[in-house]
Structure formats: structure tokens, C-alpha cells
Amino acid sequence: MVHRFPITLTQLTYFVECAKTLNMTTASQELHIAQSAVSTAINQLEKALGAPLFVRQHSKGLVLTSAGESLLQETRQIFGLITDAVETIQAGQKEVRGTIVLACFKTIAPFLLPQLLGALEAEHPELTVEVVEGDHEECLAALRSGRAEIALNYDLTENDGIDAQRVGTVRPHLIVGTDHRLAGRTEVRLADLDDDPLVLLDLPDSREYFLSILRSGGITPRVKHRSSSYETVRSMVAMGLGYSILNQRPRIAETYTGERTAILEIADPAPSLHVVTSTLSRSGTTAKTQAVTAAARSILAEAAPE
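Residues numbered from 1 in each chain as written. Predicted model: local features only at pLDDT ≥ 70, side-chain atom pairs only at ≥ 80, totals over all residues. Heavy atoms only, no water.

Participant: Is there a simple way to think about the packing of helix α1 (residues 9-21) against helix α2 (residues 24-31) in this case?
Facilitator: For any two helices packed against each other, one specifies the crossing angle of their axes together with the interaxial distance. At a minimum axis separation of 8 Å, α1 and α2 run at an interaxial angle of 125 degrees. Comparing their axes, α2 and α1 come out oblique. Considering the relative orientation of α1 and α2, their crossing is right-handed. Along the contact surface, α1 presents T13, Y14, E17, C18 and T21, while α2 presents M24, T26, A27, E30 and L31. (Axes fitted to C-alpha atoms, helices over the stretch in contact; angles between N-to-C directions. Helix = DSSP H or I, 4+ residues; strand = E, 2+ residues; numbered from the N terminus. Parallel < 35°, antiparallel > 145°, perpendicular 65-115°, else oblique. Left-handed = near helix turned anticlockwise from the far one by under 90°. Contact = heavy atoms within 4.5 Å.)

Participant: I keep staring at the state of the cysteines and nothing clicks. Help me out?
Facilitator: Throughout this description, disulfide means a covalent bond between two cysteine sulfur atoms. Taken as a whole, this structure holds zero disulfides when the rule is applied. Just so you know, C104 is unpaired, no disulfide at all, and the nearest cysteine sulfur is the one on C139, 6.5 Å from it. (Disulfide = S-S within 2.5 Å.)

Participant: Hey, could you run me through the sheet that holds strand β12 (residues 261-266) in this one?
Facilitator: Each strand in a sheet pairs with another by means of backbone hydrogen bonds, the pair being arranged parallel or else antiparallel. Ordered in space as β8-β12-β7-β11, the four strands form an open sheet in which the pairing is mixed. In this open sheet, the two strands that pair with only one neighbour each are β8 (187-188) and β11 (244-246). Pairing of strand β7 (residues 173-177) with β12 involves four bridges; the strand directions are antiparallel. Within β12, the position partnered with L174 by the bridge is L264. (Pairing = 2+ DSSP bridges.)

Participant: What am I meant to see in empty space enclosed by the protein here?
Facilitator: Remark: the empty space left among the atoms is shown by a probe the size of a water molecule rolled over them. Per the counting criterion, the structure on display carries one cavity of 30 Å³ or more. One number sums up the size of the largest cavity: a volume of about 80 Å³. Considering the residues around the largest cavity, the lining is formed by F105, T107, Y154, L201, S206, F210, Y230, L246, N247, Q248 and L273. When its residues are assigned to classes, the lining of the largest cavity shows seven nonpolar, four polar and no charged. (1 Å grid on protein atoms, 1.4 Å probe; cavity = no way out; pocket = protein on both sides within 12 Å on 5 of 7 lines; lining within 4 Å. Points joined across faces, edges and corners; volume = space filled by probe spheres on them. Nonpolar A, V, L, I, M, F, W, Y, C, P; charged D, E, K, R; others polar.)

Participant: Please explain the packing of aromatic side chains as it appears in this structure.
Facilitator: How two aromatic rings sit relative to each other is set out by the distance from centre to centre and by the angle between their planes. Tallied over the full model, the rule gives four aromatic pairs. Centroid distance F15 to F54: 5.6 Å. Interplanar angle 50 degrees. Geometry classified as tilted. Placement of F15 in helix α1 and of F54 in strand β1 (residues 54-57) is noted, with a sequence separation of 39 residues between them. The burial state of F15 is the same as that of F54; both residues are buried. The interplanar angle of 85 degrees and the centroid separation of 5.4 Å between the aromatic rings of F111 and Y230 together place this pair among those described as edge-to-face. You can see F111 sitting in helix α5 (residues 109-123) and its partner Y230 sitting in helix α8 (residues 230-238), a full 119 residues away along the chain. (Phe/Tyr/Trp six-rings, centres within 6.5 Å; stacked < 30°, edge-to-face > 60°. Buried < 20%, exposed > 50% of the residue type's maximum accessible area, 1.4 Å probe, protein only.)

Participant: Explanation requested: α2 in the structure shown.
Facilitator: Along an α-helix, a turn takes 3.6 residues, which lines up residues three or four apart on a common side. Restricting attention to buried positions, one finds in α2 the residues M24, A27 and S28. Down the axis of α2, the buried side of the element spans an arc of 100 degrees, and every buried residue falls inside it. Where α2 is buried, its residues touch α1, α3 (35-49), β1 and β2 (61-64). The residue sitting at the N-terminus of α2 and contributing the capping side-chain oxygen is N23; that oxygen lies 2.9 Å from the backbone nitrogen of T25. (Arc of directions from axis to C-beta. Polar contact = N/O pair within 3.5 Å; in protein donor to acceptor, adjacent residues only side chain to side chain.)

Quick look at the structure:
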């Protein structure tokens, strides 16, 4: 239900000043506006309430009516509540406490989110982090809609109105099953896999990134299987259904099937992906978003040598 009020805070502000000075001319001077604007606001307020707030005495100024005295008391309470709310919100922008909603790219989440939540809980125990997982576009949509305050994502696209801070870099690699003819190699050229079927991690924007790397290496990708699940892709590759190209690297070679994959470094030039935290430009950064960014950057910096 939408509440529509017949009066405004501006009208109440003018009313309080008139009640304080009991003179519209003096009130207008204190408010630095024309007396006619004050008079109009008071008339509109009285009309909306259906009761006179002042008795106008041409030579003696204003006298509050009983309705005016009641409204003055209530308005002071309202202004006090608003002042408290504003001060609380402003303090929250400078303190790492309360709740923050984080939108996290679904393939980043298993590798970074547990450590991130643990670090934030240890460093900022009064901060509660709620997580929304999704693909690249879903994370940005959560940010734009206000559902999330910060997103942990890749810089797959440029987006107007969104500020991104780089917190880490992940380079692409190939994976094959352990029975694959190239499994014993540590590094291969993309052309070595030109005749092999591809198991594609099929997520918006991500798929274009992977396919563009393969094409730049002279491969015409033969997509045999697709999945939006990182672990499903790994399991398919481990079962010998094709090779894949990924960025995140698990610490284990085993998949859900019990079979294993082998990682092959790419000898060709291939663009890395940057992990970023993103916030709406119009919202700016807060102490809470800065804490999330700092923690993510620290975790990725420690993992970088590996």
C-alpha cells in the first residue's frame, strides 16, 4: 500500500519557524525565502488539515491555535525521528556494521566466498553479509535494482553508472581428462586441440570470452556439450567428453564423478580476467563496501603465487 500524505516536510519546516518567531516576516528572513512563499505554505497546510494553525493579528503577529500547538508538538517529534534516522544512516556509511548484500558471480563463489565471509566475520564481527549468487548479468541486475549493495564479478563488460575496483586477476587455462593424449603436457598451443570437442561453460558473457580466446588461437570451436555449472563441465571433461577452457583453478584434480582432470597452460597469448568489486556510481563507496573490497583483494593476493 502506498501512503500519500497531504502535507510536506517543507510546509512543516515553515510552520515550525513561524511558530518559533510568531511572525511571518521574521520567519521568512530566517528561512531566506520570500514571505509570500511562507504564507502560501501555511495556507496550504491549514487547508490540508482542515483547521487554522494561527490567529493572524496584523499589529501583533501570530498566535498559535490549539490545533497549531498540537501540530507543533507532533512535528518536533517527527523532526526528531527524522534527525535520528539521518544520523544513524550517515554513521552507518562510516562504520563497518549492520547488513550488506553481496551479489557474487556463481563460478567465483566456491573459490573466494568462504574465505571472504570468514575474513569479514573475524575482522568485522558486527557486519552481516547476505549473498546473492548469479551469472554476470544477474549480479549487475541485483546491483542496479538495489537488491545488492556490492557485486563480486569479472570485468567481462563495461557498464555505465557502475564503478569497479580490481581485486585480483585470473588467467585462463585448459583442462582435459587424464586419459587425453595431451594430459602429460604442462603447456600446449590452442591449435593442438583444434580437432577435439569442446565442453563449454555456458554463461552469459563468459561464453563469448572463452570462444574468443579459442578463435584467436586459430581454433574453430566444436561445441559438443554445454553447461552453466562449473563442476558439471569439469566432470564431463574428466569422463573424456571433450576439453574445456576455464579461469578458476580448484586445489583438487578429482571431480564429482571420481575421475580427474589435468590442467594445461596455454602457450598462446590469452587475455586474463580481472576480478572486481562493483558498486553503483551514484551510491559511492561506504565503509562496508570498502571492507568487502579490501578483504577480497587480500585473499586473492595471497592466492596469486599459486
